[in-house]
Every structure is written in structure tokens, then in C-alpha cells.
Amino acid sequence: MNTTTDVTTDARADARAAQIADEAGERRFNELLASESRVEPSDWMPEGYRKTLIRQISQHGHSEIIGMQPESNWIARAPSLKRKAILMAKVQDEAGHGLYLYSAAQTLGVDRETMFDQLITGKAKYSSIFNYTTPTWADMGSIGWLVDGAAICNQVPLCRVSYGPYGRAMVRICKEESFHQRQGFEILLELMRGTDAQKEMAQESVNRWYAPALMMFGPPDEDSPNSKQSMAWNIKRFSNDDLRQRFVDMLVPQAEILGVTLPDAALRWNEERGHYDFGDLDWSEFHEVLAGRGPANTIRVSRRREAHENGAWVREAARAYADAQAESRRGLVA
Ligand code: BYC
């Protein structure tokens, strides 16, 4: 009996079977995309697709978790009990969004500890917008109106993303984001109907948040390395610039109702394009923030690290409880 030849033949047969399975998987994956159907965790998917989703979904989850900080800063100082309750509910929603997103990312094979570790060691990206500070109450209005407004523009198309668990998480998230946007608009509306000092506070805040909110959509299309492939995979449905334009078109009439001025001298209706023209953004500021040198990068990551460390006992207790439950279920089965 020639054992060496048998082993080699078996290995070749296994490799051929794996190749056939991959080819069939790839065909099915392409069919799913072509028919606008969802790819599910158990389906074959290209490694690049899986990695892109882990990158985007985990960054998105981190944004929700870090995004709680600029607002929780105002919970204790909200101007009334009603505002405090609303703000608290909104911040809790964001924690929930983070958890849906981390769960969606976990279905792609990354574990939660790895994602947490990437965040608290400063290796992971999260949305640039949360590295700006919130010195006034009007910033709660601007975050809701501008930041959540931009989030809705970006995230409604994500409800149709090709990856099932992400798309389903986004449906719930978007419903809550729309409440968040309205509560921000309403804070600004109330300030704009108030005293001169309140109007000034609202305008000053909008002046600070407008350009960073426009940058949330990511770099201009020609500098966006991931867009082309993500669009081919039905992950991104519109380009960064298309969504930014859609956002500006949505903001202008809302700003008129509020009575605030958007801080852009180049902003004007373009009859030919059927859109508002707007001025260039300072992309060097965006890159500074991404490089960790924004106004609040250091404090955001260190607060998150502290919270993670302080929460170690909760994770231990939850694990011990889960182990005890599993043990007692095993006892019942045996
Ligand atoms: N901030 O090739 P590109 C929220 C990075 S949560 C930081 O265009 P892509 C909310 C990008 O990651 C808001 N980084 O990338 C929460 C890439 O770097 P890597 C978060 C940014 O992925 C609480 C590089 O720049 N929303 O709204 O095709 C309270 C090149 O860019 C940013 C989401 O995460 C940025 N703004 O497109 C209130 C939505 N922009 O990874 C509100 C899901 C770009 O190659 N994510 N970068 O090293 C997306 O839709 C896309 O990932 C993006 C970027 C449009 C953001």
C-alpha cells in the first residue's frame, strides 16, 4: 500500500471539493446581490466583504457608544425635568444602538472583547463628530438637529444594506434617530423663540456644528478609497458626496423655519442642478480629527477606557450568573 500517494490524493480531492464549494458559494453570493436579497451569516461571502462589514459596523457601533459622551455631559444640567428625561432616553437609545451593532458585527466572527479593546486602546475609528465639545445647552439642539439629521440621511439607505443582521439593526435604529432629530430641532426652535441671549446661543452653536456635521459623510468621493467596492457589494447605496448634498438640501428649509443662518456664504440654490450649492469644507480639519488631534479625542477615549475598567465587576457578575444558569440547566437535563 502506498500511503504517501493516498494522502496526496486525499488532500487534492479535499482541495477540489473546497474549490467547488467556493465557486458555488460565490455564484450564490452574486445572485443574492443581483436580486437585492440579503446575505446571511451562514452564507458564503468573500473575505473582503466580511472584513469591510466588520470595519464599518464596528466603527458605527463605536460611534454610538462614544456618541453618548458629549450629550451625557448635559444630563445633570438640562434646564428642566422634561428635558432631562428626554435627553436621558436619547442617550440610552444610543447605548442600545451600540449593542445592536456590536451584535451584528459578532455574526461576522469578531468577538466583542476584541472590538472593545480596539476602541479603548485608540486603534479603532469612530465618527469624527464626537471629538467636538459641547460647551452650551444649545449644543444638545445642534447635535439632535444636525448630527442626528446627518445620521438619518446616511443610515436610512443602510436599512437596505446587503448584510441581513446589519440591515435589520438599522431599521430599528433609524426609527429612534428620527425622534432624536426632532427633539434637537425642537430645542433649537424653543431657543430661537426665546430671548436675544438664547437666540445668540442657538446661532453660535449651529455655527460650530454645521461644517463638522457635513464632514460626517466622509471624504469627497474622489478621496474615498472604500466607496467603489462598498457600493458594488450593496453596502453603501449612495456616495459620500451624494448624501452630503441630500443633507444640505434638507437643512436649508429647516434652517429657515428655525430662523438660524447656516454659516456658509457660498450656500445658494442652483436652478440648473436642482440642488443647493455649498462652499468647500476644510478637509485638513477632518484629517486632524481622524489622526486623534481633534478638540476632544483624548478625553473621549480615556473616559471610555475608565468606564470599561469600572464596569469589569458587572461583566464578571453577569458571566458568573450566566455560568450558574447554564449549570442549573445542565442539572435539569441530566
Ligand atoms: N469619521 O472610504 P471612506 C451617529 C474614514 S453614529 C471618522 O469614504 P467608508 C450618532 C473611513 O472609516 C455616526 N472616520 O469610508 C451616534 C475610512 O477609514 P478606514 C456614525 C471616517 O467606510 C450617537 C476613511 O475615512 N455613522 O450618527 O466607505 C449619537 C475613508 O473614508 C469618517 C456610521 O458609522 C468620519 N466621519 O465611508 C448621535 C454609519 N468618514 O476605515 C448620532 C456607517 C470616513 O478605511 N458608516 N471615515 O481606516 C458609513 O456609512 C461609512 O463608513 C462612512 C465612511 C460614510 C462613515
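A short tour of the structure in this document, coming up. Residue positions are given per chain, counted from 1 along the sequence in the order it is written. Two thresholds apply to this predicted model, a pLDDT of at least 70 for residue-level local features and 80 or more for giving and counting side-chain atom pairs, whereas whole-chain, interface and lining totals are computed over all residues. Remark: hydrogens and water are excluded; side-chain values derive from all non-hydrogen atoms of the structure.

**Structural notes on the pattern of salt bridges**
The condition is simple: What makes a salt bridge here is a side-chain nitrogen of Lys or Arg within 4 Å of a carboxyl oxygen of Asp or Glu, nothing more. Runs of H or I in DSSP of at least four residues are treated as helices and runs of E of at least two as strands, each being numbered from the N terminus. When a residue's accessible area, from a 1.4 Å probe over protein chains only, is under 20% of the maximum for its type it is buried; when over 50% it is exposed; and in between it is partly exposed.
Across all of its chains, the model carries 15 salt bridges by this definition. With a shortest N-O distance of 3.1 Å, Arg83 and Glu186 are connected by a salt bridge. In this pair, Arg83 sits in helix α4 (residues 81-106) while Glu186 sits in helix α7 (residues 164-192), placing the two residues 103 residues apart along the sequence. The exposure class of Arg83 is buried, given its relative accessible area of 7%. Across the pair Lys90 and Glu94 runs a salt bridge, and its minimum N-O distance is 2.9 Å. With Lys90 and Glu94 both in helix α4, this residue pair falls 4 residues apart, about one helical turn. What makes Glu94 buried here is its relative accessible area of 5%.

**A closer look at the packing of helix α8 (residues 196-215) against helix α10 (residues 240-258)**
Inclusion rule: All axes here are fitted lines through C-alpha atoms, helices being fitted over the stretch that makes contact, and every angle between N-to-C directions spans 0 to 180 degrees. Working rule for contacts: check all heavy atoms of both residues, and any pair within 4.5 Å makes them a contact. Classification used: nonpolar for Ala, Val, Leu, Ile, Met, Phe, Trp, Tyr, Cys and Pro, charged for Asp, Glu, Lys and Arg, polar for all others including Gly.
Between α8 and α10, the shortest axis-to-axis distance is 9 Å and the interhelical angle comes to 145°. Where α8 abuts α10, its residues Tyr210, Ala213, Leu214 and Met215 lie against Arg244, Phe247, Val248 and Leu251. Taken together, the residues of the contact of α8 with α10 sort by class into 7 nonpolar, no polar and 1 charged.

**Concerning unusual backbone geometry**
In the Ramachandran plot, Glu36 falls in the positive-phi region, its phi being about 60° despite a non-glycine side chain. With respect to the helices, strands and loops of the structure, Glu36 is situated in the loop between α1 (3-34) and α2 (47-66). At Asn234, a residue that is not glycine, the phi angle is positive and equals roughly 55°. Residue Asn234 is classed as buried on the basis of its relative accessible area, which comes to 11%.

**Concerning the layout of surface pockets**
The cut-off we apply is this: A cavity, in this analysis, means grid points on a 1 Å lattice covering only the protein atoms where a 1.4 Å probe fits yet has no way out; a pocket is instead an open set bounded by protein on both sides within 12 Å along at least five of seven lines, and a residue lines either one if it has an atom within 4 Å of a point. Grid points are joined across faces, edges and corners, and a volume is the space filled by probe spheres set on the points.
Estimates place the volume of the second largest pocket at around 290 Å³. Lining the second largest pocket are 14 residues; nearest its centre among them are Met68, Gln69, Ser72, Asn73 and Arg303. Of all the secondary structure elements, the ones that give two or more residues to the lining of the second largest pocket are α3 (68-72) and α12 (297-310). Top element by residues in the lining of the second largest pocket is α12. It accounts for 5 residues. Class assignment of the residues belonging to the lining of the second largest pocket gives a composition of 6 nonpolar, 5 polar and 3 charged.

**Focus on the site of the ligand**
Selection criterion: Only heavy atoms are used to decide nearness, and a residue is near a molecule or strand if one of them lies within 4 Å of it. Polar contact is the term for a pair of N or O atoms within 3.5 Å; when the atoms are in protein, one must be able to donate a hydrogen and the other to accept it, and sequence-neighboring residues count only if both atoms are side-chain atoms.
Taken together, 31 residues sit near the ligand, with Gln59, Lys125, Ser128, Ser224 and Lys236 positioned nearest. Met216 places a main-chain nitrogen or oxygen 3.2 Å from a nitrogen atom of the ligand. At 2.8 Å from an oxygen atom of the ligand is found a side-chain nitrogen or oxygen belonging to Asn240. Of all the elements in the fold, those that place two or more residues in the shell around the ligand are α2, α6 (138-155) and α11 (283-293). Considering every element that reaches the shell around the ligand, the biggest residue donor is α2, with 6 residues. Looking at the shell around the ligand residue by residue, the classes come out as 13 nonpolar, 12 polar and 6 charged.

**Points about the side chain of Ser205**
By the element assignment, Ser205 lies in helix α8. Owing to a relative accessible area of 0%, Ser205 belongs among the buried residues under this scheme. A distance of 2.6 Å separates polar atoms of two side chains, one belonging to Ser205 and the other to Ser142. Not counting chain neighbours up to four residues away, the residues in contact with Ser205 comprise Thr136, Ala138, Asp139 and Ser142.

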